[in-house]
Amino acid sequence: MIEIVVRGLLWFSAIGCGLIGGLYFAFSTFILQAFDRLGAERGAQAMNAINVEIVRSLFMPLFLGTTLTSLALVIVGVVRREPGGAAMLTGGAIYVIGMFVVTLAFNVPLNNMLAAAGRDGGAAWSLYLRRWASWNHLRTFASTLACALFVVAIATD
């Protein structure tokens, strides 16, 4: 029975990391650049609109669920010494730290700063864009690497 649960956690985490990594990849490769082309004020408005909407969307259950299942896989990887355990543990740790902790520590405060700027968001846009994009690149890498490690754990099983 435990094998079925672990396998389910691995599949959910792999798919969740892949989806979230894909979203972050889109922001890193073209969405932020498109917003910047709109001009600072309109770019800030577009980003603020996304930041309001994303917390009301299906993204949040996926974001939180993938974080929880990844954390569970860290624990499983520590407790169970078996093939795929190291990939499970490493993938979960990379995801929780490189995606979730980075999001809470850096991206969310930057989003709050941009929102607090209100109509003066255009003035904050350049600094926001540079810093937020740098942290987003890290989240993209962490999510993608965690996905790959979960796939390795699935294949090793």
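Below, the structure is looked at part by part. (Residues numbered from 1 in each chain as written. Predicted model: local features only at pLDDT ≥ 70, side-chain atom pairs only at ≥ 80, totals over all residues. Heavy atoms only, no water.)

### Observations regarding the packing of helix α2 (residues 40–54) against helix α5 (residues 121–156)
Between α2 and α5, the least distance of the axes is 8 Å, while the angle of their chain directions is 65°. Relative to α5, the element α2 is oriented roughly perpendicular. For α2 against α5, the interelement crossing comes out left-handed. Residues A40, E41, G43, A44, M47 and N51 of α2 form the contact with α5, whose participating residues are G121, G122, W125, Y128 and W132. Of the residues belonging to the contact of α2 with α5, the class tally is 6 nonpolar, 4 polar and 1 charged. (Axes fitted to C-alpha atoms, helices over the stretch in contact; angles between N-to-C directions. Helix = DSSP H or I, 4+ residues; strand = E, 2+ residues; numbered from the N terminus. Parallel < 35°, antiparallel > 145°, perpendicular 65-115°, else oblique. Left-handed = near helix turned anticlockwise from the far one by under 90°. Contact = heavy atoms within 4.5 Å. Nonpolar A, V, L, I, M, F, W, Y, C, P; charged D, E, K, R; others polar.)

### Some words on the side chain of S143
Of note, S143 is situated in helix α5. At 2.9 Å, the side chain of S143 and the backbone oxygen of R139 are in polar contact. Non-local contacts of S143, meaning those with residues more than four positions away in its chain, are made with C17, I20, G21, Y24, Y95 and M99. (Polar contact = N/O pair within 3.5 Å; in protein donor to acceptor, adjacent residues only side chain to side chain.)

### Focus on the packing of aromatic side chains
The tally for this structure, following the rule as stated, stands at 6 aromatic pairs. In textbook terms, an aromatic cluster arises when at least three aromatic residues are bridged by ring pairs, as seen for F27, W125, Y128 and W132. Lying over the aromatic face of Y24, R139 brings its terminal NZ or CZ to 3.9 Å of the ring centre. (Phe/Tyr/Trp six-rings, centres within 6.5 Å; stacked < 30°, edge-to-face > 60°. Lys NZ or Arg CZ within 6 Å of the ring centre and 35° of its normal.)

### Thoughts on the environment of A44
Tracing the backbone shows A44 in helix α2. By relative accessible area, which is 3% here, A44 ends up buried. Through-space distance from the C-alpha of A44 to that of L32 is 10 Å; in sequence the pair is 12 residues apart. Excluding its chain neighbours within four sequence positions, the residues that come into contact with A44 are L114, G121, G122 and W125. (Buried < 20%, exposed > 50% of the residue type's maximum accessible area, 1.4 Å probe, protein only.)

### Some words on helix α3 (residues 59–79)
The end-to-end C-alpha distance of α3 is 30 Å, a good match for the 30 Å that 21 residues give at a rise of 1.5 Å each. For α3, every residue scored as buried is listed here: F59, F63, G65, T66, T67, T69, S70, L73, V74, V76 and G77. Against the buried residues of α3 lie α1 (2–37), α2, α4 (85–117) and α5. (Expected span 1.5 Å × (residues − 1).)

### Quick look at the environment of G18
Inspection of the secondary structure assignment puts G18 in helix α1. For G18, a relative accessible area of 34% translates into the label partly exposed. Each C-alpha atom, one on G18 and one on L129, is 24 Å from the other, the two residues being 111 residues apart in sequence.

### Remarks on the nonpolar core
Residues L10, I20, M88 and F150 are the most contacted members of the largest nonpolar core, which totals 21 residues. For this core, the elements supplying multiple residues, two or more each, are α1, α3, α4 and α5. If one sorts the elements of this core by residue count, α1 sits on top with 7 residues. Excluding residues that lie within four positions of it along the chain, I20 makes contacts with F59, L62, F63, T66, Y95, M99 and S143. Within the second largest apolar cluster, 16 residues are counted, among which are F27, A44, M47 and L110. (Core = buried A, V, L, I, M, F, W, Y, C linked by side-chain atoms within 4.5 Å.)

As far as function goes, none of this settles anything; it's purely spatial.
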